[in-house]
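Each chain, written out:
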Amino acid sequence: MKAIFVSLSTAAVLAVSAFHAGAQDQAAYIDDRSDGPALVRSLYNAINRQEYARAYSYFSDPVDSYETFVEGYAKTVDVQVLIGSVTQEGAAGSIYAPVPVAIKSTEKGGKEKVFAGCYITRIVNSAIQEPPFSPLHIESAELEKVAGPLEKALPKVCHSPS
């Protein structure tokens, strides 16, 4: 009887350990709109956590429907993002931040794809907004699939809309 008790105790400890390991594996929640790079990191944090409604909400005017957006990540199990140098520019009551990115997407089965391009983030001057407030958002994105490692795919510069 004593051996069974020890085995059950050991099993309980292992089960609790496995639960904590799984909880630690999930990326911490990040929802930061303080600047363009933080917003892009938040986007990919939401995608990694499969919080697609949150990810979709970061775009001011998404090109695809929500259903199409979610379908685009159906095979995705992990996304890594590198962010380059960002310079904010003001124009007509708005602040734009072109964010150069390189992205490595890993699918179920281990297939990897690398993308590179630019996100343009924008916020209308907070002092001139009226309700409802419109926070920093992704105005546009231009990404394309590229060959090569993630570290070499990062664009050196992105430009604000003219």
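The present account deals with the structure reproduced in this document. Being a predicted model, the structure only gives us computed values, none of them experimental. Numbers given to residues run from 1 along each chain, matching the order in which its sequence is written. Only residues with pLDDT of 70 or above have their local features reported here, since the model is predicted, and side-chain atom pairs are shown and tallied only from 80 upward, although totals for entire chains, interfaces and linings are computed over all residues. The basis for every side-chain value is the complete set of heavy atoms in the structure, and neither hydrogens nor water enter the calculation.

### Here's the deal with the pairing of strand β3 (residues 94–107)
What counts here: Between buried and exposed lies partly exposed: a residue is buried under 20% and exposed over 50% of the maximum accessible area for its type, with that area taken using a 1.4 Å probe on protein chains only. Only DSSP runs of H or I reaching four residues or more are called helices, and only runs of E reaching two or more are called strands; each is numbered from the N terminus. Strands were regarded as paired on the criterion that DSSP finds at least two bridges between them.
Counting buried positions along β3 gives 13 out of 14 residues, so the element sits mostly inside the fold. Pairing analysis gives three bridges linking strand β2 (residues 89–91) to β3, with the strands arranged antiparallel. Each bridged residue has a counterpart across the sheet, and for Ala91 the counterpart in β3 is Ser94. Linking β2 to β3, which pair antiparallel, is a turn of two residues; within it Ala92 sits at a positive phi near 45°.

### Some points on the nonpolar core
Soluble, globular proteins show a tendency: their nonpolar side chains are buried together. This is how it is decided: Working definition of a nonpolar core: buried Ala, Val, Leu, Ile, Met, Phe, Trp, Tyr and Cys residues. They are joined through side-chain atoms within 4.5 Å. Any two residues whose heavy atoms approach within 4.5 Å at even a single point are treated as in contact.
In terms of nonpolar packing, the biggest core is built from 21 residues, with Leu43, Tyr44, Ile47, Phe69, Tyr119 and Ile138 touching the most fellow members. Mapped onto this core, the elements with two or more residues apiece are α2 (36–48), α3 (52–57), β3 and β4 (112–124). In terms of residues, this core owes the most to one element, α2, which gives six residues. Sequence-distant contacts of Leu43, that is, excluding residues within four places in its chain, are made with Ala55, Tyr58, Phe59, Tyr119 and Ile138. Formed by five residues, the second largest nonpolar core is a distinct cluster that contains Ala102, Val114, Leu150 and Ala153.

Functional significance is not addressed by these values, which are geometric in nature.
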